Amino acid sequence: MLIIPENYKPTIDPEMSEDALKLLKDHFQDDFSTALRLRRVTAPLFVAADTGINDNLNGIERPVTFGVKCMNDKKCEIVHSLAKWKRMKLGAYNIAPGYGLYTDMNALRPDEEELDNLHSIYVDQWDWERSIRPEDRNLKYLKKTVKTIYGVLKDMEEFVYKRFPHIKPILPDSITFIQSEDLLKEYPDLTPFERENKAAEKYGAVFIIGIGGKLSNGKIHDGRSPDYDDWSTETEPGYYGLNGDIIFWNPLLQRSFEISSMGIRVDKDALLRQLEITGTTDRKKLIFHKAVLEDKVPLSIGGGIGQSRLCMFFLRMAHIGESQSSIWPEDMVKKCAENNIVLK
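The chain carries the name Aspartate-ammonia ligase in an unreviewed UniProt entry, which gives Anaeromyces robustus as its organism.

Set out below in structure tokens:
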């Protein structure tokens, strides 16, 4: 649903926004890669369809596909994200534990259920992955990494404030960790999205742990593919999952605002378990899955941080179309224009 903030006025003149966007992106990736000890690599726009490397997201989205004429019409797919590709690159580059890589990822997701303030067909994010040791596969390590990333986001807010003093800082000093199961217990009559709204508004910045596995009501908080994040490992009695989302409260839109999805990746046991749970054991024969099962790729933690969303939040933009170029329904473009929201 499109949200039109009352009396909206851009914090940056539309004709100057490109300079501001570049400024923020350049600063963030430098700060982020230093904090997490990541090297930059070049990302593919598409992958071969028979490798299992493309991200399956919730398992229902259709990738954009095409055949390569000079390779006997070999089927390829525009990437949804690079969750699996990055992990294979960690192994190819033999990157040591505690170090990793990041890349500028561009993707197409034409099966988005609705285009609105936050959702676009075009996805641009910093995809990152870091090698870890077996003893790092725990909640303590996950939380430590989230705190590091949140520190970078707080620094970003300060950077923006110094250069644009009219954009005031709003993030809390620290991020709050909440189990998805605890959110369900606190708000049993609300939907997952409504529960996220409550938590984000209450705390300002939250990391919701455990996304993909069934909760005590038999439902999932949100969908996750079975073959990258570990959402089924029992971390303590009654709680599952070594993954989650970083979510802010967006006062301009008066709603929760996901900035990152991330997690500790599946090991051999978790992969087998999650393929069984989701009825997708046929994937075991694919290149990526065989590599995990045969211990040919490093254990890792990783995720993605939306570039357009990050800029949208820190520049207090009302629509993601102010920070990226995409296509939108004509009635949306018209309504936005009538309310000082200029879509690119």
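### So, the environment of Gly244
Tracing the chain through its elements places Gly244 in strand β11 (residues 243-250). Given a relative accessible area of 1%, Gly244 falls into the buried group. Sequence separation between Gly244 and Glu196 is 48 residues; the distance between their C-alpha atoms is 12 Å. Ignoring anything within four residues of it in the chain, the contact list for Gly244 reads Phe207, Ile208, Ile209, Gly210, Ile211, Ser260, Ser261 and Met262.

### What about the pattern of salt bridges?
Under the defined criterion, the tally for this structure stands at 24 salt bridges. Because the salt bridges share partners, they merge into one network encompassing Lys86, Asp127, Glu129, Asp222, Arg224, Asp229, Asp245 and Arg265.

### Remarks on the side chain of Ser326
Along the chain, the position of Ser326 falls in the loop between α8 (307-314) and α9 (330-338). Separated by 3.1 Å, the side chains of Ser326 and Ser120 make a polar contact.

### Describing the UniProt feature "domain: Aminoacyl-transfer RNA synthetases class-II family profile" (unreviewed entry) in the chain
UniProt's entry tags residues 101-329 with the feature "domain: Aminoacyl-transfer RNA synthetases class-II family profile" (unreviewed entry), counted in the numbering of this structure. Helix makes up 31% of residues 101-329 and strand 25%, whereas the separation of the span's terminal C-alpha atoms amounts to 36 Å.

### Let's talk about the packing of helix α1 (residues 17-36) against helix α3 (residues 139-163)
Contact geometry of α1 with α3 gives a least axis separation of 10 Å together with a crossing angle of 150 degrees. The angle between the axes of α1 and α3 places the two elements in the roughly antiparallel class. The two elements α1 and α3 cross, and the hand of that crossing is right-handed. Two secondary-structure elements touch here, α1 through Leu23, Leu24, His27, Phe28, Asp31, Phe32, Ala35 and Leu36 and α3 through Thr148, Ile149, Val152, Leu153, Asp155, Met156, Phe159, Val160 and Arg163. Class assignment for the residues of the contact of α1 with α3 results in 12 nonpolar, 2 polar and 3 charged.

What counts and what doesn't
- Residue positions are counted from 1 within each chain, in the order its sequence is given.
- Reporting of local features is limited, given that this is a predicted model, to residues whose pLDDT is at least 70; pairs of side-chain atoms are given and counted only at 80 or more, and all residues count toward the totals for whole chains, interfaces and linings.
- To get the side-chain values, take all heavy atoms of the structure and skip hydrogens and water.
- Counting from the N terminus, the helices are the DSSP runs of H or I reaching at least four residues and the strands are the DSSP runs of E reaching at least two.
- Burial classes: relative accessible area under 20% of the type maximum marks a residue as buried, over 50% as exposed, and values in between as partly exposed (1.4 Å probe, protein chains only).
- Any two residues whose heavy atoms approach within 4.5 Å are treated as being in contact.
- The rule for a salt bridge is simple: a side-chain nitrogen of Lys or Arg has to be within 4 Å of a carboxyl oxygen of Asp or Glu.
- Pairs of N or O atoms are called polar contacts if they sit within 3.5 Å, as long as, within protein, a hydrogen donor faces a hydrogen acceptor (for residues adjacent in sequence, only side-chain-to-side-chain pairs).
- UniProt positions are given in the numbering used here, feature names are shortened, and annotations may be inferred rather than shown by experiment.
- Every axis corresponds to a line fitted to the C-alpha atoms, with the helix fit spanning only the stretch in contact, and the corresponding angles, defined between N-to-C directions, vary from 0 to 180 degrees.
- Oblique is the label for any angle not under 35 degrees, not over 145, and not in the 65 to 115 range, which are roughly parallel, roughly antiparallel and roughly perpendicular in turn.
- By the definition used in this description, the sense in which the near helix is turned from the far one sets the handedness, with an anticlockwise turn below a right angle giving left-handed and a clockwise turn giving right-handed.
- Polar here means any residue outside two lists: the nonpolar Ala, Val, Leu, Ile, Met, Phe, Trp, Tyr, Cys and Pro, and the charged Asp, Glu, Lys and Arg; Gly therefore counts as polar.

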